[in-house]
Structures are given as structure tokens and as C-alpha cells.
Amino acid sequence: MTKSKNLLDLDDADKTFIEALIARARQYKQGVPNENIRLRGRVVLGMFFETSTRTTTSFAVAAQRLGAAYIDFRTDGSSLAKGESLEDTMRTVRAIGADALVVRHSEAGFPHALARYFDGVVLNAGDGAHAHPTQGLLDAMTLIEEFGDLKGRRLVICGDIRHSRVARSSARAAWLLGAAVVLCGPPSLLPPVVPAWGFADLATELDPLLPATDALMLLRVQKERAQADELPPYEELARFYGLTRQRVDLLPPHAIIMHPGPVNRDVEVEGELMHHARSRIERQVENGVYVRMAVLERTLGSLSRDRVA
Amino acid sequence: MTSSNQNRAANRDFVGARVVDPSLKLDAVRTIVVRKGIVAALLEDAPANPDPDAERIDCGGMVLCPGFIDPHVHLREPGDSQKETLLTGLAAAAAGGFTAIAAMPNTRPPLDNPELIKRLHDDAAALGGPRCYPIGAVTMGRDGQRIAALRGMAAAGAVAFSDDGAATGSLKALYNAARSIADLPHPFLSHCDDHSFSGALMHEGIVSDRLGIPGTPPVSEAAIAARDLMVAQATSKAWHLCHVSAAQTIGVLRWAKTQGVRATAEATPHHLQCTDELLLGFNARWRVNPPLRSAEDTAAVRQAVIEGLITIFASDHAPHTEAEKEPPLSHACVGFSGLETAVGATFYALPEVALPTMIANFSTNVATMLGVPGGTLAPGAPADITGLYLQRPWVVDPKRFHSKGRVTPFEGMSFTVKPALMVVGGEIVMRDGEVRGERLAAALPGLAIS
């Protein structure tokens with residue numbers, strides 16, 4: 001995706017691309033002069049076919065801080081739902097004047113399909129179990145802030161790996177920056193081969209990993225996507241792969257705890273641990289805004305302003 | 001045309017070809033003497049005193065074989081004429097070198113009653129060209145639950161039964177359907193895929209995991225194959241596994257044969273060689289059922305042909321419009337246009353298989369499995385002949401297809417074996433890619449591109 005005007009996934013991203021975006025995000029976090037005129041006049045359309053609170057809000061805040069307008073495209077009663085073809089809908093949003101689409105959909109590859117028909121920018125805000133690139137970037141930023149260099153650091157991602165777009169994007173971003181990544185869960189929810197996705201290690205037991213873990217990322221149990229004939233009961237996931245007080249004590253003192261949110265309290269994470277001193281869950285959310293500012297600037301900033309509608 | 005013309009037209013001597021007929025264990029230069037649409041003799045030399053009423057057809061450089069029969073074709077009529085019509089489908093079969101096809105019943109409405117079977121049979125016969133053998137649905141509306149009028153469909157011309165497109169949902173319905181025609185020779189054809197995986201969009205494996213796409217694993221096919229072959233065993237019916245795609249299914253087939261089950265199986269050109277890696281990048285065009293699987297699976301399907309466990313080739317011709325193959329993946333229709341590439345692509349995938357075996361898998365074995373005429377050039381058989389060039393490189397160009405379906409994973413590929421001639425009942429329906437069967441060609445304005 002490094003050569004594309006879109007951000008659909010991190011599958012073709014390289015270290016330079018990710019480092020540049022994180023560096024810019026950190027500048028925004030420090031404060032960049034005149035940030036609010038950088039994307040003045042641009043129109044960003046949020047197309048969330050799946051519910052979202054933090055991602056849609058985070059994108060909206062990021063767009064508005066850069067001076068762009070952020071508008072929610074209502075997907076529930078939209079013409080797409082009425083059977084309009086993707087191509088026709090894309091013509092319509094182009095005619096309306098949208099410069100960027102922020103897309104979330106339950107199907108893997110849906111933003112890629114939209115991108116075929118839209119000459120503006122398509123930003124993937126989560127497609128099925130495939131990718132959530134801005135989450136991957138904000139997680140990488142959180143890790144960089146914590147550790148500086150990720151070389152020699154170990155990130156353990158734990159839970160329902162199979163249905164997690166966050167795992168796919170965050171693991172790749174961290175690996176590209178030099179971290180070792182271990183994916184941990186029951187075998188049915190892990191990738192079928194090692195190295196997974198070309199780089200990650202696999203484990204089925206969490207406890208032995210913890211003493212040598214620098215960052216532990218718990219995944220949300222995707223109750224809305226997974227089905228009872230695919231997943232163990234989530235009490236069982238919580239028992240074997242959830243974060244408990246005992247497990248926190250197995251982590252080295254410098255280790256951090258991450259979660260993409262929203263947290264199912266007492267499933268992935270015991271409620272009282274949400275605000276533990278080692279938790280970076282709120283930092284992740286905060287960094288999300290800056291990462292999305294960097295992404296919007298990079299993709300929209302280079303888009304010609306005289307596209308023909 | 002008049003009947004006297006027809007008689008004369010069906011008197012032909014096909015001269016100068018290498019004739020390969022696995023049913024006769026024949027591989028030699030022969031003249032095929034056809035009189036009144038029937039093979040009259042196979043002569044070592046051209047007739048000394050040519051019959052003045054017989055047309056001499058020079059077939060030098062060709063291999064002539066018993067007509068190829070494709071046991072797995074979706075003609076899309078009734079209900080989906082934007083994808084294919086009887087006319088375009090049969091023209092595609094003719095261009096592809098097939099003298100006959102068996103038509104799957106998953107039309108709209110499905111071919112689940114004697115009237116629809118008879119209409120398809122009669123409509124196809126009126127067009128001339130390749131013979132069309134309807135396959136009836138096992139259950140009413142292909143609902144997997146209510147047994148259809150199998151005996152009546154058999155009487156109306158159905159040659160086999162299948163709920164293709166899906167597995168028959170109810171084991172009880174399938175078992176009782178098979179029992180209800182245990183006295184008839186008609187085989188059952190199984191599409192093996194467990195319904196609980198119906199949300200899958202591709203093969204479950206390394207590629208689906210990387211893309212986060214829900215997949216269907218090999219066990220979904222193998223488990224239904226085992227179930228259905230056990231029904232075959234329990235009912236003593238002949239049974240055929242459609243489009244085998246997974247190594248595990250081949251193990252099931254091997255087991256069934258050791259148990260004496262009358263089981264056959266088919267391989268498609270795409271499951272012989274195309275893998276799930278085509279789906280990288282979410283390309284919805286390559287969605288097909290069963291899905292393109294791993295390289296290990298395609299190797300196992302090829303090996304099963306080499307070992308003689310899989311003895312039948314099928315195109316699973318499943319035409320769709322371009323728009324119907326557009327992304328996203330979940331919206332794209334499944335299947336490829338296959339009739340016009342099947343011969344070239346199958347030979348390409350299996351260079352190590354002996355020519356008589358290849359021909360048997362395209363003709364003799366299919367005729368035997370479906371219980372239809374053909375599959376042999378023995379005197380007295382209908383003069384259904386397929387001619388091949390074995391060394392005539394050609395490039396797949398979907399724009400030149402007769403089929404309305406233009407989506408094929410073989411686009412742009414170069415194959416060496418090319419259908420050269422296609423003869424049905426002594427009538428030349430295709431020569432050098434040009435469809436010219438009189439009724440079929442007349443109905444094909446602008447389509448008969450050579």
C-alpha cells in the first residue's frame with residue numbers, strides 16, 4: 001500500500017512507510033503549527049457498515065483538526081442497502097464531492113472493492129477479519145513511545161487471532177519495526193502454519209510466555225462475528241487466555257498491557273486491570289487520533305484537487 | 001433440409017486420421033466409414049471404390065476419437081439467460097469439441113419434474129449440435145428434503161440425478177431417493193460440501209487465513225463424499241462424485257472402491273491446476289465451488305487421475321456475466337466458463353497421462369457412467385466423433401468464446417491440444433473452431449467466430 005494513494009491494509013507496507021507515519025503522528029501529538037488549514041475544503045466520508053464508536057470518532061476528530069469536513073454516510077438506509085451497485089454508489093459519492101472514504105465493513109476485501117470504483121482516497125477502518133491498518137499504526141506508535149526501538153522486543157497477541165483484523169495489522173506493523181511477535185490462542189483460532197503470515201510465532205499456552213513478554217495485547221472476543229460453532233465458550237477463552245491479576249504478576253515489571261477496545265470486562269481483561277499502571281489502553285485511543293491525522297494528511301494531501309467528478 | 005439430404009449428409013468417410021478408441025483398444029490410422037449417422041466400419045485403408053453418395057473428409061494430422069461427453073454443464077436455462085442460453089451453451093460445447101453434454105438441474109426453476117426435463121431435452125434436440133442429456137434434481141426445488149419425481153424424470157429423458165450446487169441436505173431424503181429407483185441404472189451425482197460451511201468464500205488454508213476470509217476446509221467435501229458413498233453402498237446404486245477438489249476426498253474414494261461401491265469421480269481443469277493463491281488481492285473472479293484449494297490438493301487430484309482413481313473429466317461449465325463476477329467476494333457468483341477450454345486445459349495439466357486414458361476419461365468412461373450412447377466407434381455406434389490436433393498451440397481468448405460466460409482462469413494461457421473437429425450422428429458440427437452444424441450455426445448470427 002505504500003505506493004497507493006489508499007490505505008487498505010499493511011500487507012505491502014515497509015518499515016520506512018510506517019516509521020514516517022508514526023514520526024508525523026508524534027509531531028502532531030507535540031503540536032504542529034496551522035494544522036487546521038492543512039486539509040481545508042476536503043470532505044471525508046465515513047462509511048461504517050459495521051458499528052464503531054472509537055474509530056469513527058477518532059477519524060472525525062482527526063479530519064476536523066486538519067480542517068477537513070467529516071460526514072457520516074448513513075449506511076443503514078443507504079442506496080447500497082437498497083441494491084444499488086458499488087460502482088453506482090461510488091459515482092454518487094464522487095459527485096457529492098467526497099475526497100476520502102473511511103470504510104468499515106464485515107467482509108474482508110470490501111474497501112478494496114470500493115477502491116476499484118473511487119478515484120479519491122479509500123481508508124480501511126476495518127474489513128472483516130482482514131485488516132485494520134490505522135489500528136496497526138497506532139499500536140506501533142504506542143510501542144515506539146514505550147520502548148523507542150522495537151528490536152529485541154517481544155509482542156504477544158492473545159485470544160481469537162483467527163477472527164481478528166487487529167491482530168493481523170498490529171502484528172505486521174510491530175514486526176516491520178523489528179519486534180518478535182507471538183500469537184497465542186487455542187489451535188482452532190490460530191493461523192495454520194509457522195511462521196504465521198510470514199513472520200509470527202504461535203503458542204497455545206499463555207502463562208509460559210509471560211515472563212519474557214514486553215507487550216501483551218489482549219484481543220476483543222468478537223461476539224458479533226464469531227459463532228458458537230466456531231469458538232469455544234468465551235468463559236473458556238477468558239479462563240485460559242484472559243488477563244487476570246495472577247497473569248499480570250507473571251509479566252516483567254516493564255511490560256505493558258494493550259487492548260484495541262472496546263473491552264469485554266472480565267472476559268479478556270479483569271475489570272480492575274483496565275486502569276492498571278501498566279495498561280496503555282487509553283494511550284492507544286489517544287494515539288489513534290494522531291495516527292489518523294498523519295494518514296489523512298499523507299493520503300489526501302497528495303490528492304489532486306481538480307479531479308473530474 | 002429434406003430427409004434425403006440428411007441421409008446423404010450423414011454418409012461420410014473420415015480419412016487419414018490416427019484413430020484412438022480406448023473402448024476398442026485401438027490406436028492406428030483408420031478410415032471411419034459413416035453411413036446414415038452410424039459408424040459402419042473402421043477400415044485400414046481408404047475405401048477402394050468410394051461411395052458416390054458419401055462425402056470424403058480429409059482428417060490428416062488429426063486424432064479422431066469417440067465423441068467427448070461433458071458430464072457437468074450449467075446451461076442456465078430456464079431462468080438465467082443473461083448468463084447463457086441453450087443456444088450459446090451448446091455452441092460452446094460444440095466449439096470445445098464435445099459431442100454431448102449433461103446439463104445440471106440447478107436452473108431457475110430447477111429441473112425437478114418430468115415436464116422441465118422433457119422441454120430441455122426437446123429444445124436442445126431442435127437446435128441440433130451436441131446431444132444434451134438432462135440431469136434431474138434429487139429433491140423438489142433442490143430443497144434437500146422432499147424427494148422429486150425421479151421415475152417420471154427418468155422416463156422423460158433424465159440420465160442421472162443430482163442436487164448439484166449443494167449437497168442434498170437430508171441424509172434420509174437422499175437414502176430414500178436412491179432406494180426409490182434402485183431398480184433403474186441412473187446414477188446419482190454428488191456435489192460434496194457440508195451446509196454448515198455455506199458462509200465460506202474460499203478454501204480454508206494459508207491464503208484464507210492471511211486474508212481473513214471465511215473458508216471451507218477439505219473435510220467439508222470429504223465428509224459428504226463419505227456420507228454419500230455410504231448411501232451408495234447401502235442402496236447398491238452407482239454413484240459419482242462431482243468436481244473432486246481435496247486430497248482427503250480422494251482417500252474416501254479409494255476406501256469406497258475397496259468396499260466394492262460402484263463409485264466414480266470427476267476432475268475439472270481448474271481443480272487439476274489452479275490454487276487458492278489466485279484469490280490473493282481479493283479477486284472475486286476466481287470464486288468457484290468447490291473452491292480452488294492448495295497446491296497439495298491439486299497435486300493429489302492429478303495423482304488420482306494418473307493412478308486411475310479419478311476416471312472422468314468434467315468442465316463444470318458455470319457461465320456468468322462480467323458484472324456477476326465483480327467484487328466484493330460475497331456478491332460474486334461462483335464458477336467459470338469451461339466448455340471451450342476444458343480439452344486444452346486438461347491435457348495441459350496432465351502431460352504424463354497416456355493419450356488413450358485421456359480420451360477414455362473424456363468419452364468412454366463418461367458414457368459408461370451416465371449410461372448414454374457413445375464412448376465408442378465400434379460399428380453400429382452413433383457416429384459421434386471428436387477430432388483433436390495434438391500439437392497446435394493456441395491462446396485462450398475469452399472474447400472469442402461462443403459461451404456468454406467469459407471468465408476463465410485460463411485466459412491468456414497457451415495450450416497445445418486443440419479440438420479440431422466435432423461430429424454428431426455423422427453431421428459435422430464444428431471444424432477448426434467454427435461451429436457449422438446447420439441448425440445450430442443458423443441460429444448463431446455473428447457468434448460463429450472461427
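Residues numbered from 1 in each chain as written. Chains lettered and ligands numbered in written order. Predicted model: local features only at pLDDT ≥ 70, side-chain atom pairs only at ≥ 80, totals over all residues.

Draft legend 1. Fine view of the sheet that holds strand β9 (residues 256-258) of chain A. All names here are of chain A. The sheet built from five strands is open, its strands ordered β7-β6-β5-β8-β9 with parallel pairing. Looking at the sheet topology across the chains shown, the edges are occupied by β7 (201-203) and β9. Between one strand axis and the next, the sheet turns by 25° as a mean value, whatever way the strands run. In the sheet, strand β6 (residues 180-184) pairs with β7 via three bridges, with the strands oriented parallel. Residue pairing in the sheet places Val-182 in a bridge with Asp-201 of β7. Its contacts with the sheet put helix α6 (residues 165-176) on β5 (154-158), β6 and β8 (215-218), and the angle it makes with β6 is roughly 155°. (Pairing = 2+ DSSP bridges. Helix = DSSP H or I, 4+ residues; strand = E, 2+ residues; numbered from the N terminus. Axes fitted to C-alpha atoms, helices over the stretch in contact; angles between N-to-C directions. Contact = placed C-beta atoms within 7 Å.)

Draft legend 2. How the structure looks around the packing of helix α7 (residues 218-235) of chain B against helix α8 (residues 247-258) of chain B. All names here are of chain B. Where α7 meets α8, the axes come as close as 7 Å, and the angle between the chain directions of the two elements is 15°. Overall, the two elements α7 and α8 adopt an arrangement that is roughly parallel. For the element pair α7 and α8, the recorded crossing hand is right-handed. Touching Pro-218, Val-219, Glu-221, Ala-222, Ala-225, Ala-226 and Leu-229 of α7 are Ala-247, Gln-248, Thr-249, Val-252, Leu-253 and Ala-256, all from α8. For the contact of α7 with α8, the per-class residue count stands at ten nonpolar, two polar and one charged. (Parallel < 35°, antiparallel > 145°, perpendicular 65-115°, else oblique. Left-handed = near helix turned anticlockwise from the far one by under 90°. Nonpolar A, V, L, I, M, F, W, Y, C, P; charged D, E, K, R; others polar.)

Draft legend 3. Broad picture of the nonpolar core. Ranked by size, the top nonpolar core spans 126 residues in total, and within it Leu-64, Leu-90, Ala-94 and Ala-103 of chain B carry the most contacts. Among the elements that line this core, the one with the most residues is helix α2 (residues 86-96) of chain B, at eight residues. Looking at which domains feed residues into this core, each of domain 1 (3-64 + 380-442) and domain 2 (66-370) of chain B supplies at least three. Leave out the neighbours within four places in its chain, and Leu-90 of chain B touches Ala-124, Leu-127, Gly-129, Pro-130, Cys-132 and Leu-440 of chain B. Ala-98, Ala-113, Leu-123 and Val-267 of chain A belong to the second largest nonpolar core, which has 94 residues in total. (Core = buried A, V, L, I, M, F, W, Y, C linked by C-beta atoms within 7 Å. Buried ≥ 20, exposed ≤ 12 C-beta atoms within 10 Å, placed from the backbone. Domains from an automatic or database assignment.)

Draft legend 4. A look at the domain arrangement of chain A. Residues and elements named next belong to chain A. Taken as a whole, chain A is organised into domain 1 (15-132 + 287-301) and domain 2 (133-285). Relative to domain 2, the C-alpha centre of domain 1 lies at a distance of 25 Å. Each partner contributes to the interface: domain 1 provides 21 residues, whereas domain 2 provides 25 residues. Only α1 (15-30), β4 (121-127) and α9 (281-301) provide two or more residues apiece to the side of domain 1 that touches domain 2. When the residues that make up the side of domain 1 that touches domain 2 are grouped by side-chain class, the tally is nine nonpolar, eight polar and four charged.

Draft legend 5. How the structure looks around the interface of chain A and chain B. Each partner contributes residues to the interface: chain A has 17 residues there, and chain B has 13 residues. Only α4 (110-117) and α6 of chain A provide two or more residues apiece to the side of chain A that touches chain B. The greatest single-element share of the side of chain A that touches chain B, amounting to four residues, is contributed by α4 of chain A. Split into classes, the residues belonging to the side of chain A that touches chain B amount to eight nonpolar, four polar and five charged.

Draft legend 6. Representation of α4 of chain A. Residue and element names in this part refer to chain A. Most of α4 is tucked away: six of the eight residues are buried. Within α4, the full set of buried residues consists of Phe-110, Pro-111, His-112, Ala-113, Leu-114 and Ala-115. Of the surrounding secondary structure, the elements contacted by the buried residues of α4 are α3 (86-96), β3 (100-105) and β4.

Draft legend 7. Layout of the domain arrangement of chain B. All names here are of chain B. When the domains of chain B are assigned, the result is domain 1 (3-64 + 380-442) and domain 2 (66-370). Computed over C-alpha atoms, the centres of domain 1 and domain 2 are 26 Å apart. Of the residues lining the interface, 34 residues belong to domain 1; the matching set on domain 2 comes to 45 residues. Where the side of domain 1 that touches domain 2 is concerned, the elements lending two or more residues are β1 (12-21), β16 (385-389), β19 (418-424), β20 (427-431) and α14 (438-442).

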